[in-house]
Amino acid sequence: MSHVADDPTAEAVVRVCEDRLRTPHPHAMTDYDRLRADGMGRLGAMCQAAPSFSRNARGPAPRRAVVSSGVDQ
């Protein structure tokens, strides 16, 4: 991150990393994108969005109703 302003290769690498994070962590990257759109820099936005990358960041998964096969036993 420290060379992004000076080195086009560093800029490209950061973009590739951001793009790769979008698939496994869409919620976290949505938070990151929102922070960036609000004017925050990349590093600050990533630090702020970091808790969203946790598996438990959004709380436990909702409980689902039991699915039956439709056959009484």
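Residues numbered from 1 in each chain as written. Predicted model: local features only at pLDDT ≥ 70, side-chain atom pairs only at ≥ 80, totals over all residues. Heavy atoms only, no water.

Undergrad: Let's hear about the nonpolar core: which residues, and what values?
TA: Ranked by size, the top nonpolar core spans five residues in total: Met29, Tyr32, Leu35, Ala45 and Ala49. At three residues, helix α2 (residues 26-37) tops the list of elements feeding residues into this core. Apart from the residues within four sequence positions on either side, tyrosine 32 is in contact with Glu18, Arg42, Ala45, Met46 and Ala49. (Core = buried A, V, L, I, M, F, W, Y, C linked by side-chain atoms within 4.5 Å. Buried < 20%, exposed > 50% of the residue type's maximum accessible area, 1.4 Å probe, protein only. Helix = DSSP H or I, 4+ residues; strand = E, 2+ residues; numbered from the N terminus. Contact = heavy atoms within 4.5 Å.)

Undergrad: A description of helix α3 (residues 42-49) should follow, citing residues and the corresponding values.
TA: Looking at α3, one finds that the buried residues are Arg42, Ala45 and Ala49. For α3, the angular spread of the buried residues around the axis is 70°, confining them to a single face. In α3, the exposed residues that point more than 90 degrees away from the buried face are Leu43, Cys47 and Gln48. Residues of α3 that are buried in the fold lie against α1 (8-22) and α2. (Arc of directions from axis to C-beta.)

Undergrad: Explain the pattern of salt bridges residue by residue, including any values.
TA: The final tally for this structure, using the stated rule, is five salt bridges. Across the salt bridge formed by glutamate 18 and arginine 42, the nearest N and O atoms sit 3.0 Å from each other. One end of the pair, glutamate 18, is in helix α1; the other, arginine 42, is in helix α3, and 24 residues separate them in sequence. Summarising the burial analysis for this pair, glutamate 18 and arginine 42 share the class buried. Between aspartate 19 and arginine 22 there is a salt bridge; the shortest N-O distance is 3.7 Å. Of this pair, aspartate 19 and arginine 22 are both found in helix α1, three residues apart, which corresponds to roughly one turn of the helix. (Salt bridge = Lys/Arg side-chain N within 4 Å of Asp/Glu carboxyl O.)

Undergrad: Give a detailed account of the packing of α2 against α3, specifying residues and quantitative values.
TA: Angle between the axes and distance between the axes: these two values describe a pair of packed helices. Contact pair α2 / α3: the axes reach a minimum separation of 9 Å and the direction vectors enclose 140°. The pairing of α2 with α3 is recorded here as oblique in orientation. The crossing of α2 and α3 is right-handed. In this structure, α2 contributes Ala28, Met29, Asp31, Tyr32, Leu35 and Arg36 to the contact, and α3 contributes Arg42, Ala45, Met46, Gln48 and Ala49. Residues belonging to the contact of α2 with α3 are distributed by class as follows: seven nonpolar, one polar and three charged. (Axes fitted to C-alpha atoms, helices over the stretch in contact; angles between N-to-C directions. Parallel < 35°, antiparallel > 145°, perpendicular 65-115°, else oblique. Left-handed = near helix turned anticlockwise from the far one by under 90°. Nonpolar A, V, L, I, M, F, W, Y, C, P; charged D, E, K, R; others polar.)

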